[in-house]
Structure formats: C-alpha cells, structure tokens
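Listed below are the residues making up each chain.
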Amino acid sequence: MRTNLAQLGLTWFVQNAKLDLAADLGATTRFLERGVTDQVGRPKTAVVDADVHNEVPTIRTLMPYLSDYWQETVNSTAFDGADVRAFPPRLPTSTRTGAMPPNGVPGSDIDLLTRQALGPDVEVAILNCTYAVDAIHNPYAAAAVAAAINDWQIAEWLEREPRLRASIVVPSQNPELAAAEIARVGEHPGFVQVAVPARTAMPIGRLEFHPLFAAAVEHNLVVGVHAGGFSGYPTTAVGWPTYCIEDYAGMSTVMQTQVMSMLVEGLFVEFPKLRVAMFDTGCTWLPSFMSRLDKDWKGLRRETPWVLKQPSDYLREHIRFTTNPLDIPTQDMALIRALFDQMGGSEMLMHGTDYPHWEFKAQHDAFMSILTDDEYVDVIGGTARTFYQLSPQAARNSADA
Amino acid sequence: MGVAKYVIGKVDEIPDGCRRIVNVGGREIGVFNVSGNYYALRNRCPHQGGPLCRGQQLGSLSAPKPGKYIFDPNRMTLRCPWHQWEFDLETGQSWYDPGGVRARTYKTEVASGSELLAASHQGEFRPMPGLADKVTDQLGSVFRPDEHCNLAKQPGPYVAETYSVSVEDDYLIIDTGR
Amino acid sequence: MTFTRPKEDNPSIRATTALVDCDVHTTFPSDKVMMELLPERWRDYHRSFADAYVSSAYPRTVRNAARVDSWPPNGAPPGSDLNFLQEQLLDEWGIGCAILGPLLRVARSGLQNPEYAAAFASAVNDWTASEWLAKDERLAGSIVTPYEDSELTVAEIERLALNKRFVQIYVLVGTSSPLGNRKYWPIYQMAVRYDLPVGIHFGSGSATGAGWPSYYLEDHCGNAQSFQSQVISLVCEGVFERFPTLKIVLIEGGFAWLPPLAWRLDRAFERLHTDVPHLARRPSEYIAENIWLTTQPIEEPKAPYALKDLVDSFPALEDKLMFSTDYPHWDFDAPDEALRKSRLPQETLSKIFHGNAQKLYRF
C-alpha cells in the first residue's frame, strides 16, 4: 500500500496541475466536460456518480404535473411550493464554477447537467432532488407537489437520459403519505432511491417512520438522507444558530443523530433488507462516532435489546456514504489513509461529485490519491453498483419501461 | 502444594437471592445464590477492573425485533457498576462478546459437615480467612434485598485459621483451581 | 475599574499528587438540606413549584445515574458525603485535586424562572464552599450559574470571582440558544475579566437538530452532537475573536469528534467566510487555542492506539486534554485503565493527568 502512495502521489499531482492550467472559467468548463473523474494512471472502469443534484427551477415547471385544483392554487394564491432551498443557489457552496444556468437554479437544466456531470466515463449518475417538500406544512399540498416532482423527473429526466437514475421525492413529514407516493412510482425502473432530508421533525429511526421504510424496502429502493430539512424546529440540538455557516457545518451533527437513531431503534432489524445512503455529510466523524456508540451500547443495551450486535456492525452492513464533501486535512496523506481504514474502507464509500455544488477539488483529489487500484475501482463505481443493484448494462433500455 | 478449594461458610448464610463477597487469598470473589444454585465470580470486571460483584443482578433480556421484549426474571445477569457491562452469572461470559470477553468464574460445591470433616483430615480443604463485612453492608443498603437477606446484620465471619464444622450443617465451597 | 485574579499559582488548592480529576459530581444529601440553604422567599416557592421543573426527559440507566457501589453507607445519594468521596475517590486513586461540578437536583440553574435559578445557584455555591471546599484542600469548585439570564449570572460570578477556591464558571451544554449567541456574551466578559474558564458540562436538554430521540442511549451519546453545535457556534459567532483570552472547557462530551469537526469548519470556512467576516482566523485555529476538553467518557476505539493517532492528528489536543473520572456516575473512567492502552507517550500522559489542568486552573 505504501509503495502505491508514491505512484498515486504522482497521479494526484498531475490532476492538480491540470486544474491549475484550467484556472479560467472557459477552461474549467471544458475540463468538466471532459469528465469529472479523469482516470489518469488508474484502471479504466465505468464510473457511477452516486450524488448529482437535480433541482426544480420554480413551481411553474411543475404545473403540467399538478391537478387543476393545485394549478389554480398556484395561480390565485401566494402558494408557490417550498419557499426555502436546502442549497440556496447563490451560496458560495451551492454552485461550482460554470454550473449556473441562465435560470439561476443550478442543477435545473438537464442539458447543462448532462454535459457537465455525465462525462464519457460515467455509466450511471444518481439524481438526488433536495426539493424541500417538508417545508410545506399542508400535508396534501406537500404530497401533491412531491407527486408532481416525481412525474416531472420521469418525463423530463429519466425518459430523456438513460444514464440517469433518480430519487423519489416524498412528503417525509407524513410517513403514510410518503409510503403512498413510493408505492405510486416505486416500480419505475429509473427510481433507485427515496430522498429524505436530514433535519426531520423527529429522528427517522422512530416508529413513526416505519411506513416510509417499509415502502422503500418493498420496492427495493435505497433510502437516501441528504443535507437539508425544514421541519420548523430549531436546526441544532441547542437552538437556532445565527449564521448560515453554522447550519451548513452543523449538518454533520444532524447526520450523526440520524445514523444513531436508525441503529439504536433497530431499523435494520425490523427491515433487514434496508439500505441507507447518507449524502453531503462529510464522514471523518464516523470512526469517533462508531467507537462512542459501540462503547455506550455495551452498557446501555438493555434499553434497546433488539440491537443484538455492536451498532457499528449494522452500520457497515446497511449504510453508505459519498465522497463529497469529505472534511479531511489535505496535507496529511497518512492520516487520510488511517481515517479511511477506520471508516471501513472502500466498501463504505461511493464516489459522488455532489454536482452542481462546490466541488472542493483539493479534498477530493487528496482522498482519491490514497486509494489502491482495487479500492479506487470500488469507490468510483463498484460500491454504488452493488449497493444500488444497478444493472450491468451501461444504459437502461427505456423501451422496457 | 496449593489448596484450591475454600469453604465460604454455611449455605444458609447466603439465602436465595442474596450474595456475599469473600476474600480468597487476596482475591475478592462474589458468591451468589440464585434459586438454590450457587455461582462464584471474580470481583473484577475485565473492562476497567471495576467491582463487578457489587453490580445489579438482572433478568435475561433479548428482543428479536424492536418492541418485542423477551425477558426472563431469572436474575442471572450481573451488571458491572462501572459502565454496566453484563455478564452471565453461570458462565461469566459478557453479553456483548460472549466468545471474547468474560469474567472469571469459579466452581461451587455444597458439602455436608461430615464430608468436610472427613476431607479436611486429608488436607483437601482450607477454611475461609474472613469475609468482607464492609462490602456486605454496602450491598445491603443499596439493594434492599429480600428481607431475609439482611446481609448487614450478618455475624462476624471466621477469622481464625480453623473453625468448628458441624456435621449437621451443609457448607458452601468454591474451587479456585477451575 | 477592572478586577483581576492574580496570575500566580493558586496555593489554596493543594495538589498533593500528580493526578487531577476535572469532573467530580456532588449533590445535596437531602431535600431538607437544600431547603435550609434557600432564602425564605424561595422555600415556599420551591415547595409548590419545584415539581413543575423537569430534570431529564430520559430515565438514566440506574438511579442517580450513579455507580451502584458509590452510595455511601448512610444511604444518602452518591456524591453527597464528603468522607465517603474522600475514601472512595480521592484516597483510593491518589487524586491530588478534584474539580467539583454539582449536578442532579442541584443543576437547576438552567430553570426557566431566572430568579429562582439564581437563588438556587447561590445556595449551591455557598454550600459547596462551606461543606466541601472548606473541609478538604484538594477540592476546587465550579461557580454554578443561572446561565440563561446573563445579568443574574454576572452578579453571581462577581460574588464569588475572588474566591480562589472556585476555578471556573459552570454552564450546561443544553442551552436555549447556542452559546455563541450574543445574549451570553456578558458571561464571557466576566470570564475574561476574572480569568476564569467557562466549563460547559453535559446535560440539561436532549433535543437534536432532528427532534427528540427515544432512548437514553441516544441522549447520552447525543450530547456529543450538542457539544459540536456549541463549538460551531462559539467559533462562528466570533466569541474567540471578541474574547481572545477566553478559555472554554468542554466537560464530559468526549473529545475524539473534535478534529473532524475542526476540519469540517475549515472546509466550510473556505467558501463561506464572507458569511462571517468578523473571523480573522480559520476555525481550527480558534479551536486549537481556546478550547479544552476533559477525557471522560473516553472513546474506546477497537484499536486503542487510535487515540494516539487522534492526538497526533490535532496536535493542540496534547495541551488541551484533561483527565476526568466523572465520579460517581455509572460510566466512571478509572485512572489506571482509561488511557493505559493508548500508546500516548509519558510526557503527553503527564500533561493529560495533571499538567494541562494545573496550567489552566493555575494550581
């Protein structure tokens, strides 16, 4: 492994040099269009991008997919769907250079997204729509908007680009309604996941959420937890913070809460086939988190006797994380390697560009450089392919849909 | 030649549901009576060395699914006062890693006074140097065990090298060799 | 006119051996004792209204959350009897100095009624001084405060700040707003004026950023997320920029989560620094400079030497970690075992076991 580092260090250097050359906007865009992964010195293998964000530009986009009543509501009232975004477009972390389309909502333009995120080496990209359905407190409005988004995704994304897969958007705040929506569209072969925001009104391991997970499992869908969530309750454990950066950074604490909830509530005992992916979390908190939870469980397990083995065992079996963002100290390769091993290795991680969000390329490249070739193949596509049970065919035959 | 078997005292000194911690050659060993069966464990948790035998005695607990409790109030689980790790009284196995982490256990026997007298003539037994009164006091106050336990009021234990063994009584023995 | 505590060593606390325990919990022996300490105006109030104030949403795994072997022979609660504490903790482990943090039924200074909380805090602090600090030179006190009311907290700090047996200001981690919020800044003003660290201790409020979990296990482990939220707030609100000499101690939150959080904040800062232009330095620099942490409950990774890797990954930890047992709680860390397999070098262990605490608290 150590001898590989020298070789990989060279690869990392080469990739960085290319980025330096591509400093201006035009060059960056061309670089992106060449393919985000750039497998210089690596085994050639088809890439799976497990985290690409498609976004709804405005409620108007969804009008063709809304019933007459809801169309009238949009036209005659102040209702225009969710009034917040998990990734406000102009936040410096929300949009990478060159990814802003004319309509001002990155990720909303399929042509631009395809050009920039689906390079020639990308076999499949999994769309993660973070539309804040949970910010709509009227449950029927939430359900209607979610359904419209999913119909829009089918018609204007999945049917148009066979390399795309997508996440079912649901009114997560009402697990029964969410289950109904999953049942409605869950058999469409383009959907591989159900999108759930991190900051729910109660932790998602709780009994109240069982209908949502049951439906996901029944339709063989991964449940993907992404940054965001607008339940109306304070966004941290200790009340409302002041600055956006606190919400942004604090998302990792909420992810920890959710992982803990799923593990100790026995969600994976109730649903042994359940698979959960966590996005936008950073994951260097995983080793300390796992050791703390395992330790406490040994002493407190009588309260949750259905957790029959160490919580981290369930975590490794059922939960996966993506590679962007990472939160690593880029200057210390040995440390990054150690963290990676402690996290659980390439089986735990799936390459995800997090397009169109800011790509933190130095972190991504530093991380990729410490992987062996086998680990690289896992991370760049193998793990996701297995986890999402993707067909070995490069393109889904849309005629079969 | 080391003598491995020690006489703790008369069996009725540890009533059902009660326990006593004894000092055997410098080691503290907890002796428990659960429904007439006697179990002995080292009073030292394999985790951080806590006084395991002062912990709570609990029932066996598992659950095949969330909310489906399977509970046997058999009080066969000993939970260490430090960090609450659980150990089976009989096998000493930890709950969370039965193959890897365990407390040291000792075999117990009951022998009648006459058997003991016969055996002692052949040097097979050594009487208990003494019991830890202070420890039993604390146990009494923490757990308020069944009324008949009342360990705090136990008479002073045997401090001499030898003591009288009555042929009518039964005695509890622990074997530190196994 | 500013008051400052003299910066020389604190001779009133006698550290007899090289082991400092930075987190020991005391409690009232009984309600009766507590009532006698309250001013008369609050006794009747307490009789009628005390029950309305909830102490914990999650039942502790064992009564008083205490080691079952820590109940004194007189039947009083764990941590209420000086003699027993001396015997079972200080003498047993050769602890040279123990820093007391009153908890449980005394930790009501976060109560909604600020004047009640202030009266309670004063009673607790006076009781600590007369029943503990006066009777054993090895003990140091924490100033319990009605921290949700800055004005009353300032008054309590000023009342006790020049008593050198009190070595820190005490708040609980479950606050109504994140601790970087400006409403708490008067507390930090006092802290730097008197050069007293602010100790933030586990407890009081168990909600998360995703609502209320179901189990004590989540409450217990989940305090780590609360501590992380507090660090994010203190850094991003610019508390350490405004009060560069402020010292924050995170007590009973664990510590292994700190480096990943520092890296995350730095990465976020890379792109979002225009949100917080008042920050002149990177978040990890503030964290490295202004934050101390106690060791208990020590993380127990499968490979114990991972603790050494962790300290190496964030070198400031070497000078900021301070040993604690959390006596008499059930997850007490034994001084001889907690760090035994960590492979930390002796020099670092000495700092953790006493050097860092002696320097911070100046004894």
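Residues numbered from 1 in each chain as written. Chains lettered and ligands numbered in written order. Predicted model: local features only at pLDDT ≥ 70, side-chain atom pairs only at ≥ 80, totals over all residues.

Looking only at helices and strands, chain B features 2 helices and 10 strands. Reading chain B from its N terminus to its C terminus gives the helix and strand order β-β-β-β-β-β-β-β-α-β-α-β. The buried share of chain B, reckoned over its 178 residues, is 36%. When contacts within chain B are restricted to residue pairs at least 6 apart in sequence, long-range pairs at least 24 apart make up 60% of them. (Helix = DSSP H or I, 4+ residues; strand = E, 2+ residues; numbered from the N terminus. Buried ≥ 20, exposed ≤ 12 C-beta atoms within 10 Å, placed from the backbone. Contact = placed C-beta atoms within 7 Å.)

Attention shifts here to the overall build of chain C. Summing up its helical and strand segments, chain C has 12 helices and 8 strands in all. At 19 Å, chain C has a C-alpha radius of gyration in line with the 21 Å of a compact globule built from 363 residues. Along the longest, intermediate and shortest principal axes, the C-alpha atoms of chain C span 55 × 50 × 40 Å. Expressed as a percentage of its 363 residues, the buried residues of chain C come to 60%. A sequence separation of at least 24 residues applies to 82% of the contacts in chain C between residues at least 6 apart. (Rg over C-alpha atoms; globule rule 2.2 N^0.38 Å.)

At the junction of the two partners, chain A supplies 60 residues and chain C supplies 54 residues. Residue assignment for the side of chain A that touches chain C shows that the elements contributing at least two residues are α9 (244-264), α11 (286-300) and α13 (333-343) of chain A. The leading source of residues in the side of chain A that touches chain C is α9(A), at 15 residues. Counted by class, the side of chain A that touches chain C contains 30 nonpolar, 21 polar and 9 charged residues. (Nonpolar A, V, L, I, M, F, W, Y, C, P; charged D, E, K, R; others polar.)

The next subject is the nonpolar core. By size, the foremost hydrophobic cluster in this structure holds 262 residues, and its most contacted members are Ile149(A) and Val31(B). For Ile149(A), the contacting residues outside a window of four places in its chain are Val56(A), Leu62(A), Cys129(A), Tyr131(A) and Val169(A). (Core = buried A, V, L, I, M, F, W, Y, C linked by C-beta atoms within 7 Å.)

Moving on to the sheet that holds strand β8 (residues 321-322) of chain C. Backbone hydrogen bonds hold the strands of a sheet together, and the pairing may be parallel or antiparallel. Residue and element names in this part refer to chain C. A sheet is described by the order of its strands in space; here 8 strands give the open sequence β1-β2-β3-β4-β5-β6-β7-β8, paired in parallel fashion. Bordering the open sheet on either side are β1 (20-24) and β8, each of which pairs with just one other strand. Relative to strand β6 (residues 248-251), strand β5 (residues 198-201) is paired through 4 bridges, and the arrangement is parallel. Residue pairing across strands places His201 opposite Ile251, the latter belonging to β6. (Pairing = 2+ DSSP bridges.)

Okay, the pairing of strand β3 (residues 27-34) of chain B next. Residues and elements named next belong to chain B. As judged from the 6 bridges shared by strand β2 (residues 19-24) and β3, these two strands associate in the antiparallel manner. The residue of β3 that forms the bridge with Val24 is Arg27. Between the antiparallel neighbours β2 and β3 lie 2 residues, among them Gly25 with a positive phi of about 55°. As paired elements, β3 and strand β4 (residues 37-42) share 6 bridges and run antiparallel to each other. Each bridged residue has a counterpart across the sheet, and for Phe32 the counterpart in β4 is Tyr39.

Residue and element names in this part refer to chain C. Between helix α4 (residues 114-133) and helix α5 (residues 150-160), the least distance of the axes is 10 Å, while the angle of their chain directions is 15°. As far as their axial angle goes, α5 and α4 are roughly parallel. Viewed along their axes, α4 and α5 form a crossing whose handedness is right-handed. Facing Pro114, Ala118, Ala121, Ser122 and Asn125 of α4, the residues of α5 in contact are Leu152, Glu156 and Leu160. Broken down by class, the residue content of the contact of α4 with α5 amounts to 5 nonpolar, 2 polar and 1 charged. (Axes fitted to C-alpha atoms, helices over the stretch in contact; angles between N-to-C directions. Parallel < 35°, antiparallel > 145°, perpendicular 65-115°, else oblique. Left-handed = near helix turned anticlockwise from the far one by under 90°.)

All names here are of chain C. A rise of 1.5 Å per residue sets the reference length of helix α12 (residues 346-361), with its 16 residues, at 22 Å; its end C-alpha atoms lie 22 Å apart and thus fit the reference within 8%. Residue Ile352 marks the point of greatest curvature in α12, where the axis turns by about 55°. Among the residues of α12, Thr348, Lys351, Ile352, Phe353, His354, Asn356, Ala357 and Tyr361 are the ones counted as buried. Packing partners of the buried residues in α12 comprise β1, β3 (139-144), β4 (166-172), α11 (306-313) and β8. Arg362 sits one or two residues past α12 and shows a positive phi near 60°. (Expected span 1.5 Å × (residues − 1). Bend = angle between axes of the 7 residues up to and from the residue.)

On to the interface of chain B and chain C, then. Between chain B and chain C, the residue contacts involve 14 residues of the former and 12 residues of the latter. When residues of the side of chain B that touches chain C are assigned to their parent elements, the largest contribution, 4 residues, is made by helix α2 (residues 133-143) of chain B.

Attention now goes to the sheet that holds strand β1 (residues 47-52) of chain A. All names here are of chain A. The parallel open sheet is built from 8 strands, whose spatial order is β1-β2-β3-β4-β5-β6-β7-β8. Each edge of the open sheet is held by one strand with a lone partner, namely β1 and β8 (349-350). Bridge count between strand β4 (residues 191-197) and strand β5 (residues 222-226): 5 bridges; the pairing is parallel. By the bridge assignment for β5, Gln193 is matched with Val222. Contacts from helix α6 (residues 139-158) reach β2 (122-127) and β3 (164-169) within the one sheet, and its direction differs from that of β3 by about 170°.

Let us look at the packing of α5(C) against helix α6 (residues 185-193) of chain C. Residue and element names in this part refer to chain C. Put simply, α5 and α6 touch, their axes get as near as 8 Å, and they point 15° apart. When the axis of α5 is compared with that of α6, the two are roughly parallel. When you trace α5 past α6, the crossing you get is right-handed. Residues Ser150, Thr153, Val154, Ile157 and Glu158 of α5 form the contact with α6, whose own contacting residues are Pro186, Ile187 and Met190. Here the contact of α5 with α6 is built from residues that sort into 5 nonpolar, 2 polar and 1 charged.

As a further point, take the environment of Ala4(B). One can find Ala4(B) in the segment before β1 (5-10). In this structure, the C-alpha to C-alpha distance between Ala4(B) and Glu168(B), residues 164 residues apart in sequence, is 24 Å.

Bringing helix α10 (residues 283-290) of chain C into the picture now. Residues and elements named next belong to chain C. Taken together, the buried positions of α10 are Pro283, Ser284, Tyr286, Ile287 and Asn290. For α10, the arc enclosing every buried residue in end-on projection is 160°, short of the 170-degree limit, so these residues lie on one face. Considering only its buried residues, α10 is in contact with α7 (216-236), α8 (239-242), β6, α9 (258-272) and β7 (291-294). (Arc of directions from axis to C-beta.)

This part is about the environment of Ala57(C). Residues and elements named next belong to chain C. Here Ala57 shows up in the loop between α2 (40-49) and α3 (82-93). Overall, the presence of 12 C-beta atoms within 10 Å leaves Ala57 in the exposed class. Measuring from C-alpha to C-alpha, the distance between Ala57 and Ser204 comes to 9.1 Å, with 147 residues separating the pair along the chain.

Take the pairing of strand β7 (residues 319-322) of chain A next. Residue and element names in this part refer to chain A. Of the two faces of β7, the one carrying Ile319 and Phe321 and the one carrying Arg320 and Thr322 are both buried. Two elements, strand β6 (residues 276-278) and β7, share 3 bridges in a ladder whose sense is parallel. Its bridge partner lying in β7, Met278 is registered against Phe321. Inspection of the sheet shows β7 paired to β8 by 2 bridges, in the parallel sense. From the neighbouring strand, Phe321 faces β8, where its bridge partner is Leu349. Considered for its hand, the β-α-β crossover made up of β7, α13 and β8 is right-handed. (Right-handed = clockwise from strand over helix to strand, strands pointing away.)

Below, the discussion takes up unusual backbone geometry. All names here are of chain C. With omega at -5°, the peptide bond leading from Gln296 into Pro297 counts as cis. Residue position: Pro297 is located in the loop between β7 and α11. Going from Tyr327 to Pro328, the amide bond is cis rather than trans, its omega being 5°. Following the sequence through the fold, Pro328 ends up in the loop between β8 and α12. Even without glycine at this site, Glu252 takes up a positive phi of about 70°. Relative to the helices and strands, Glu252 is located in the loop between β6 and α9. In this structure Glu252 comes out as buried when scored by C-beta crowding, with 26 C-beta atoms within 10 Å.

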